[in-house]
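Observations on chain architecture
The chain contents come next:
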Amino acid sequence: MINEETLRQHVAASDFRNLSQFYKEYKPRLLELVLQYFMVEPSISDPTFDFVLNSEKGKRKVAAYIDLFGEAIQGQVDLFITGQQNAGIENAREGSQIGDALGFLYTFKKALWQCIVEHNSTTSGVGKRIDLTDFQIVDFLCEYADQTQAKYFTKTAKEIIVHNADRLVKLQKFTTDMVYNLSEEKVFYLARMAIIDIYNLQGEVLVFQDDRKITDSLKTLSNILQEDLETLIEKATHFQITLVGDHADKIFTPDDQLVQSDKFTLKFIIKPINDTKRSAPLGVFILHDRGHYFTFTKFEKFLLDQLASFVGAVTANCRMTSEIEEKRKELGLLAGRLISIQEAERKRIAAVMHDTVVQTMAGVGYKALYCQQLIHKHPDKLENELDLLITNINSAIKESREVIKKLRPPVLDGVGIMAAFNDLLNEFKGENNIDIKFTHPKVVQIDSHKATSLYRILQESLVNIKKHSAATMVSVSVKYVDEKKLMMEIADNGRGLPLASDRKSHNKTGVGLLIMRERIEELQGKLYLTSEIGKGCKISAVIPLQDGEANE
């Protein structure tokens, strides 16, 4: 092993005049040969190959090493020693393989020998050709370069492995803590702490709310980083890519740059947090150092990818758990309310039957008995009483049909859903003196279950409008959203619903809305409610269509 002291002694005892003149003359040729031999060196990996041959930075790095070796040829050993140490450290930090570093030194040595051969073949005279002593000096310098770079590369690589292992342990700790939390706020707090602890950077977690707006901290961040973050966040989440800003104020995705280099200088990183099951953005990480520049490596990017993926999965699980719990509560409420509604409906039907059909049929019975008596006693009155009996029977039939119609309109099974809608809306208009506007396609073909669900939603909406809205106009429209979806919209100009989007306010109107939503979700559809105090309310129900139901 050649140490620094041995190198200094060897250099101090050497005469570099001939080598120095040769090296100065052959530097351009040496650079040319290094790049030429580099193309056919089998031990060089593809990333290093591309970096050296296809980037200006890589070519400058080769030229800089040739200059550094030239310092040693001139007897300036201090710069050469420091350069070899730094080269080993830098190669390790950049994630290069040790074979790449040693392969480059082998290629450099091979090109240098070729230059010496070419020089000696065209040079004659004592003191001008490169002799055995000069060969020994060059070989000694090359051997020191090999050993020193390998030593510092290995030392630095071990330090990096230990450091990265510590980061992996920290990441594992944070992810373990996240798993045992069902609170989104706690998950994002732990994610922010992980960024600070693992990267020693400022970590902002901007969470998309239901309306996809960014929290107020965005304005503060934009001032710190002096970037239009809202536009960059929209781009990152739309295209599902990580965006970074570098020291030259250029915006790019790191995958484009990491092919050529393992480490680069950045001002910020924007990393989407996704719900992978639904392919939907939940928010973004923003890493920064309060506007200062910082370095970032491939391994650090790998850790960030893992952290974002895990946070997305845990957050999606938190939301799913919350939704399940909310559904459970809603279903409990609905079960209780549906029992009450069923009992109330049975009571109402019983009362209607008693007050109408039963009483009418009782009257028919009495009238029939009276007619039977008239056959023998007063046959002249019989015809008139039979006419009255027929009238009572027709009245009973009519009342029975009305009761049946309330339970399920026959028109739904007869001439179709649009006719049933027309019938219901005309009846509502006549009873409540409210203007109705109804638009729909000429033909709507859906199965009986879907038709019934839409009819009941319209029916429930009209009941709510009558009881709560004080509206003077109602607009109902049915239309095809595309070839695979049908949408029904019911809008009024009434007083609107307070806290219309708050599922936790379960008054009677709220339960009606829950029942509507359950009907639609059973059909794999969506129910939307928009309302503003004093500006009315709109309910939109969208259901998917199957083959044979699409718009023709």
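Source: prediction; values computed, not measured. (Residues numbered from 1 in each chain as written. Predicted model: local features only at pLDDT ≥ 70, side-chain atom pairs only at ≥ 80, totals over all residues. Heavy atoms only, no water.)

1. Focus: the pairing of strand 2 (residues 243-246)
Going residue by residue along strand 2, you find Leu-243 and Gly-245 tucked away on one face and Val-244 and Asp-246 tucked away on the opposite face as well. Pairing geometry for strand 2 and strand 3 (residues 251-252), over two bridges, is antiparallel. Among the inter-strand pairings, Val-244 is bridged to a residue of strand 3, identified as Phe-252. (Buried < 20%, exposed > 50% of the residue type's maximum accessible area, 1.4 Å probe, protein only. Helix = DSSP H or I, 4+ residues; strand = E, 2+ residues; numbered from the N terminus. Pairing = 2+ DSSP bridges.)

2. So, the packing of helix 4 (residues 56-73) against helix 5 (residues 77-93)
The N-to-C vectors of helix 4 and helix 5 enclose an angle of 150 degrees; their axes lie 8 Å apart at closest approach. By the angle between their directions, the pair helix 4 and helix 5 is classed as roughly antiparallel. Across from Lys-61, Tyr-65, Leu-68, Phe-69, Glu-71 and Ala-72 in helix 4, the residues of helix 5 making contact are Leu-79, Phe-80, Gly-83, Gln-84, Glu-90 and Asn-91. A class-by-class count of the residues in the contact of helix 4 with helix 5 yields six nonpolar, three polar and three charged. (Axes fitted to C-alpha atoms, helices over the stretch in contact; angles between N-to-C directions. Parallel < 35°, antiparallel > 145°, perpendicular 65-115°, else oblique. Contact = heavy atoms within 4.5 Å. Nonpolar A, V, L, I, M, F, W, Y, C, P; charged D, E, K, R; others polar.)

3. Things to note about the sheet that holds strand 7 (residues 435-439)
The sheet built from five strands is open, its strands ordered 7-8-9-11-10 with mixed pairing. Both edges of this open sheet fall to strand 7 and strand 10 (526-531), since each of them pairs with a single strand only. Pairwise comparison of adjacent strand axes, ignoring direction, gives a mean angle of 10 degrees for this sheet. As judged from the five bridges shared by strand 7 and strand 8 (residues 473-482), these two strands associate in the parallel manner. Across the sheet, the residue bridging to Lys-437 is Ser-475, located in strand 8. Running at roughly 10 degrees to strand 9 (residues 485-492), helix 16 (residues 448-469) makes contact with strand 8, strand 9 and strand 11 (537-544) of the sheet.

4. As for unusual backbone geometry
If you check the backbone angles, Asn-433 has positive phi at about 55 degrees while not being a glycine. Here the phi dihedral of Gln-524 falls at roughly 65 degrees; this positive angle occurs in a residue that is not glycine.

5. Thoughts on helix 16
Between its first and last C-alpha atoms helix 16 spans 30 Å; for 22 residues at 1.5 Å apiece the expected length is 32 Å, and the two agree. Downstream of helix 16 by a residue or two, Ala-470 has a phi angle that is positive, lying close to 55 degrees. (Expected span 1.5 Å × (residues − 1).)

6. Details of the confidence of the model for the protein
The share of residues in the protein with pLDDT of 70 or more is 85%, and the mean pLDDT across the chain is 81. A low-confidence stretch, residues 499-509 stays under pLDDT 50, and its non-local contacts, those more than four residues away or across chains, total 15 contacts. (pLDDT = per-residue confidence, 0-100.)

7. Structural notes on the packing of helix 4 against helix 7 (residues 132-179)
As a packed pair, helix 4 and helix 7 sit with axes 11 Å apart at the nearest point and diverge in direction by 125 degrees. Our classification of the angle between helix 4 and helix 7 gives oblique. The way helix 4 lies across helix 7 gives a crossing that is right-handed. Across the interface between the two elements, Tyr-65, Phe-69, Ala-72 and Ile-73 of helix 4 pack against Val-138, Leu-141, Cys-142, Ala-145 and Gln-149 of helix 7. When its residues are assigned to classes, the contact of helix 4 with helix 7 shows eight nonpolar, one polar and no charged. (Left-handed = near helix turned anticlockwise from the far one by under 90°.)

8. Quick look at the packing of aromatic side chains
Applying the stated criterion across every chain, the model contains 14 aromatic pairs. A ring pair is formed by Phe-38 and Phe-104, whose centres lie 6.5 Å apart and whose planes are at 65 degrees; its orientation type is edge-to-face. Taken together, the residues span a long stretch of sequence, with Phe-38 in helix 2 (residues 17-38) and Phe-104 in helix 6 (residues 98-121) at a distance of 66 residues. Ring pairing ties together the aromatic residues Tyr-23, Phe-38, Tyr-65, Phe-69, Phe-80, Phe-104, Phe-108 and Tyr-144, which thus form one cluster. In this structure, Lys-110 packs its charged tip against the face of Tyr-37, placed 4.7 Å from the ring centre. (Phe/Tyr/Trp six-rings, centres within 6.5 Å; stacked < 30°, edge-to-face > 60°. Lys NZ or Arg CZ within 6 Å of the ring centre and 35° of its normal.)

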